[in-house]
Amino acid sequence: MLSDSYGRVATDLRVSLTDRCNLRCAYCMPPEGLDWLPSPELLTDDELVRLIRVAVERLGVREVRFTGGEPLLRRGLAAIVARTADLRPRPEISLTTNAIGLARTAEALHAAGLDRVNVSLDTLRPETFRKLARRDRLPDVLDGLAAAAQTGLIPVKVNAVLMRGLNDDEAVPLLRYCLERGYELRFIEQMPLDAQHGWKRAEMVTAAEILAALEREFTLTPDDPGQRGSAPAEGFLVDGGPARVGVIASVTRPFCGNCDRVRLTADGQIRNCLFARTESDLRSSLRAGADDAELADRWRRAVAIKLPGHGINDPSFLQPDRPMSAIGG
Ligand code: SAM
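Counting starts from 1 at the beginning of each chain's written sequence and moves along it residue by residue. Residues qualify for local features only when their pLDDT is at least 70, as the model is predicted, and side-chain atom pairs are given and counted only at 80 or more; totals for whole chains, interfaces and linings, by contrast, use all residues. As a rule here, side-chain values cover all heavy atoms of the structure and leave hydrogens and water aside.

### Some details on the site of the ligand
Point 1. Taken together, 18 residues lie around the ligand, and Tyr 27, Gly 69, Glu 70, Ser 120 and Met 191 are the ones closest in.
Point 2. Two N or O atoms count as a polar contact when they lie within 3.5 Å, although within protein this holds only if one can serve as hydrogen donor and the other as acceptor, and sequence-adjacent residues are included solely when both atoms are side-chain atoms. At 2.9 Å from a nitrogen atom of the ligand is found a main-chain nitrogen or oxygen belonging to Gly 69.
Point 3. In the environment of the ligand, a nitrogen atom lies 2.9 Å from a nitrogen or oxygen atom belonging to the side chain of Glu 70.
Point 4. Considered on its own, the ligand offers 540 Å² of accessible surface; in the complex 94% of this is hidden by protein.
Point 5. Secondary structure elements follow DSSP: runs of H or I of four or more residues count as helices, runs of E of two or more count as strands, with numbering from the N terminus. Elements represented by at least two residues in the shell around the ligand include exactly β3 (92–97) and β5 (157–161).
Point 6. The class makeup of the residues in the shell around the ligand is 6 nonpolar, 10 polar and 2 charged. Being near a molecule or strand, for a residue, means having at least one of its heavy atoms within 4 Å of it. All accessibility values rest on the Shrake-Rupley procedure with a 1.4 Å probe; residue burial counts only the protein chains present in the view. Asp, Glu, Lys and Arg are counted as charged, while Ala, Val, Leu, Ile, Met, Phe, Trp, Tyr, Cys and Pro are counted as nonpolar; the rest, among them Gly, fall into the polar class.

If you want it as structure tokens, here you go:
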């Protein structure tokens, strides 16, 4: 098991497949992009699948979520999914994506064993999309979303980050859009994980503000808190249910005490928290010839030292060196 000294057990593995992205969302990256990881530093498909196998067979990981950067940019994604689906016990397999290109690939990914997707959609206005993501790709995102639902990659979850002055008036239209199509919407508070280090607490749209905006149009009833478990989203039934909406209030209502996640970056580093200041280098061990037992042992030690919380609200908080796109969100 991947347990830490506070009694938490990591069973949910987030695997970043690339640090590259085809969008430049303002809360994530500068317009010019970043210095991408050089190819020799990236795990090969075989290395990646081997580490996932170690996690599933030896460390009790039950869910594998592929992310990035943009995971659909990884060549060989369907084969990686298929090889993950062949592991026993078979993990749940999901994908966090901006959905650009998903309309073309959803069926192949589903056939390979992908169970479900989380799609990022922050705005329904093409002009705002251009400003926020600095690309003119809203129709591709909406097509990708529709394809995911049609293909049965369900429940389709939608992630939205609201930014003040840009899309903070879109909570209600986004929820209506998702309700009409059976997607489950979750709002994520903007976190200090942007490459530009431009996050400002005072500018962040809080979960409380988002819920207040929604409550002007809908009746929200808190979901049974017993049902939440380790889920990052606080759930609400909309107008009595069964439709739901969630808020992931990482900053104002942290949920670190129930965290069950561990991350593997595209260059083979284990991170026990999004905000960790240290990483554990599995790639070097792997390339130096470590056997599965040694890799598992290193991984256990990396999780054992997980801190009790992310510390965003501590005066001594320091943003991690890597941005979200290079960690795997
Ligand atoms: N490219 C994929 C996508 O768009 O979903 C996967 C990677 S992206 C880093 C994963 C999620 O992180 C997205 O939902 C995105 O909105 C969110 N995200 C990125 N930077 C963030 C930040 N600073 N605060 C909160 N969420 C952020």
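Still more to cover.
### Details of the pattern of salt bridges
Point 1. Between Lys or Arg on one side and Asp or Glu on the other, a salt bridge is scored when a side-chain nitrogen of the former is within 4 Å of a carboxyl oxygen of the latter. Applying the stated rule across the entire model yields 30 salt bridges.
Point 2. Salt-bridge contacts for Arg 116 lead to Glu 63; the nearest nitrogen and oxygen are separated by 3.1 Å. With Arg 116 in strand β4 (residues 116–120) and Glu 63 in strand β2 (residues 63–67), the pair connects residues that are 53 residues apart, well separated along the chain. Comparing Arg 116 with Glu 63 shows no difference in burial state: the two are buried.
Point 3. As a salt-bridge pair, Arg 125 and Glu 170 come within 3.5 Å of each other at their nearest N and O atoms. Taken together, the residues span a long stretch of sequence, with Arg 125 in the loop between β4 and α4 (126–133) and Glu 170 in the loop between β5 and α6 (171–181) at a distance of 45 residues.
Point 4. Residue burial is assigned from relative accessible area. The probe radius is 1.4 Å, only protein chains are included, and a residue is buried under 20% of its type maximum, exposed over 50%, and partly exposed in between. You can call Glu 170 buried: its relative accessible area is 2%.
Point 5. Here the residues in one salt-bridge network are Arg 50, Arg 53, Glu 57 and Asp 292, joined through shared partners.

### Concerning helix α5 (residues 138–151)
Point 1. Expected helix span is given by 1.5 Å per residue-to-residue step, counting one fewer step than there are residues. Here α5 spans 20 Å end to end across 14 residues, near enough to the 20 Å set by a 1.5 Å rise per residue.
Point 2. Along α5, the positions that sit buried rather than exposed are Leu 138, Val 141, Gly 144, Leu 145, Ala 147, Ala 148 and Thr 151.
Point 3. Those residues of α5 that are buried lie in contact with α3 (102–112), β4, α4, β5 and α6. By definition, residues are in contact when any of their heavy atoms lie within 4.5 Å.

### What to know about the pairing of strand β10 (residues 261–264)
Point 1. Residues Arg 261 and Arg 263 point to one face of β10 and Val 262 and Leu 264 to the other, with burial holding for every one of them.
Point 2. Both strand β1 (residues 12–16) and β10 contribute to a ladder of 4 bridges, which runs parallel. Bridge pairing in β10 places Arg 14 opposite Arg 263.
Point 3. Here, any two strands with at least 2 DSSP bridges between them count as paired. As paired strands, β10 and strand β11 (residues 269–271) are joined by 2 bridges and run antiparallel to one another. Within β11, the position partnered with Leu 264 by the bridge is Ile 270.
Point 4. Taking the residues that link successive antiparallel strands as the turn, the β10-β11 hairpin has 4 residues, and the phi of Gly 268 there is positive, at about 80 degrees.

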